[in-house]
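Residue-level structural notes
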Amino acid sequence: MDEDERAVLAEFVASRAPALIRVAYLLTGDRSSAEDLFQSALSKIIPKWRSIRHADPEGYLRAVMYREQVSWWRRLRRRRESPAGVHEQVVADPAGGTDIRLALRAALWQLPTAQRTVVVLRYYEDLPEAQVADLLGCSVGTVRSRTHRAVTRLRQILPDSELLEMQR
């Protein structure tokens, strides 16, 4: 890779890393895992940088991140330890909607990884079902059923949430 390509890559990473790490955080639920996921995906696209830099490098990197996350949770297949009986108290926030965002975030971590990944891709990334299915290596029907189960579970966890009422 020559100096010009290194400079373009460095500029791309500097400008897009915060947004991409936020997506990785939603997928992993942990800041350090999100950074690991981002760096792992970045290390996979660097050898191909010359061919993808003029196309859609961010889209390519996002797809690599999604696939890498799927590989991680397929490999691990075990749940992380979580403290039993510890619940965060959600209080009303005059800042407008912060309490709902915090409650939704806490509820997302209660979902299985596959369901959380589908929710992030469908509702945060706003991807169509077919693209989510392609990224996760499953059928559109699987995406639909995981989405349905996830939203149903979120409604159970957050029965009074205005946010989930809008989806009905």
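In case you missed it, the structure is sitting above this.
To start, this report covers the structure provided alongside it. Along each chain, residues carry numbers from 1 onward, in the same order as the chain's sequence is written. Reporting of local features is limited, given that this is a predicted model, to residues whose pLDDT is at least 70; pairs of side-chain atoms are given and counted only at 80 or more, and all residues count toward the totals for whole chains, interfaces and linings. Think of the side-chain values as coming from all heavy atoms in the structure, minus any hydrogens and water.

**Focus: the nonpolar core**
- In terms of nonpolar packing, the biggest core is built from 35 residues, with Phe38, Ile45, Leu61, Met65 and Tyr66 touching the most fellow members.
- In contact with methionine 65, not counting residues within four places along its chain, are Leu20, Val23, Ala24, Leu37, Phe38 and Ala41.
- Formed by nine residues, the second largest nonpolar core is a distinct cluster that contains Ala103, Ala107, Leu108 and Ala150. Only buried Ala, Val, Leu, Ile, Met, Phe, Trp, Tyr and Cys residues count toward a nonpolar core, and they belong to the same one when joined by side-chain atoms within 4.5 Å. To sort residues, take the accessible area from a 1.4 Å probe on protein chains only and compare it with the maximum for the residue type: under 20% means buried, over 50% means exposed, and anything in between is partly exposed. Contact criterion: two residues are considered in contact whenever any of their non-hydrogen atoms come within 4.5 Å of each other.

**Examining the packing of helix α6 (residues 113-124) against helix α7 (residues 129-136)**
- Here the axes come from fitting lines to C-alpha atoms, over the contacting stretch only for helices, and the angles between their N-to-C directions go from 0 to 180 degrees. Secondary structure counts use DSSP, requiring at least four H or I residues in a row for a helix and at least two E residues in a row for a strand, with both numbered from the N terminus. Viewed as axis vectors pointing N to C, α6 and α7 meet at an angle of 135 degrees, and their least axial separation amounts to 10 Å. Between α6 and α7, the angle falls in the class oblique. Here the hand of the crossing between α6 and α7 comes out right-handed. Only Glu129, Val132 and Leu136 of α7 make contact with α6, whose side of the interface consists of Thr117, Val118, Leu121 and Arg122. When an angle is under 35 degrees it counts as roughly parallel; over 145 it counts as roughly antiparallel; between 65 and 115 it counts as roughly perpendicular; any other value is oblique. Each crossing is labelled by how the near helix is turned from the far one, with a counterclockwise turn of less than a right angle marking it left-handed and a clockwise turn marking it right-handed.

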